[in-house]
Amino acid sequence: MGVVLFWTIGLLGGLSWLSGAQQPLAILTWMIFIYGVVVLSPLAGIWAAVDLARRWLRNREARRQQLGTADVESR
């Protein structure tokens, strides 16, 4: 229900915005900017999550190798 309400408000707000007295090029530029933000924000989040997971796995593997070499040296 919240998603439908969100899109309905967005649609009505967008229609009222388009009926304003702004230049079409200004509206188009702003819409492309908003579209870029909407698309790039989740992509940046996914990219950051993948990078964090990769670093965590790399550090975990390095720690495991350090512990493995410490066990061999103590024997």
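Residues numbered from 1 in each chain as written. Predicted model: local features only at pLDDT ≥ 70, side-chain atom pairs only at ≥ 80, totals over all residues. Heavy atoms only, no water.

On to the UniProt feature "transmembrane region" (unreviewed entry) in the chain. Here the UniProt-annotated "transmembrane region" (unreviewed entry) positions come out as residues 30–50. Helix makes up 100% of residues 30–50 and strand 0%. Its end C-alpha atoms lie 30 Å apart. (UniProt positions renumbered as here; feature names shortened; annotations may be inferred. Helix = DSSP H or I, 4+ residues; strand = E, 2+ residues; numbered from the N terminus.)

Next up on the list: the pattern of salt bridges. Where charged atoms of side chains with opposite charge meet at close range, the side chains can pair. For the coordinates displayed, the defined rule picks out 3 salt bridges. Here Arg-54 and Asp-51 are joined by a salt bridge, their closest N and O atoms 2.4 Å apart. You can see Arg-54 and its partner Asp-51 sitting in helix α2 (residues 24–74), 3 residues apart, about one turn around the helix. Relative accessible area serves as the criterion here: at 22%, Asp-51 is assigned to the partly exposed category. Between Glu-61 and Arg-64 there is a salt bridge; the shortest N-O distance is 3.8 Å. Separated by 3 residues within a single helix, Glu-61 and Arg-64 lie in helix α2, roughly one turn from each other. (Salt bridge = Lys/Arg side-chain N within 4 Å of Asp/Glu carboxyl O. Buried < 20%, exposed > 50% of the residue type's maximum accessible area, 1.4 Å probe, protein only.)

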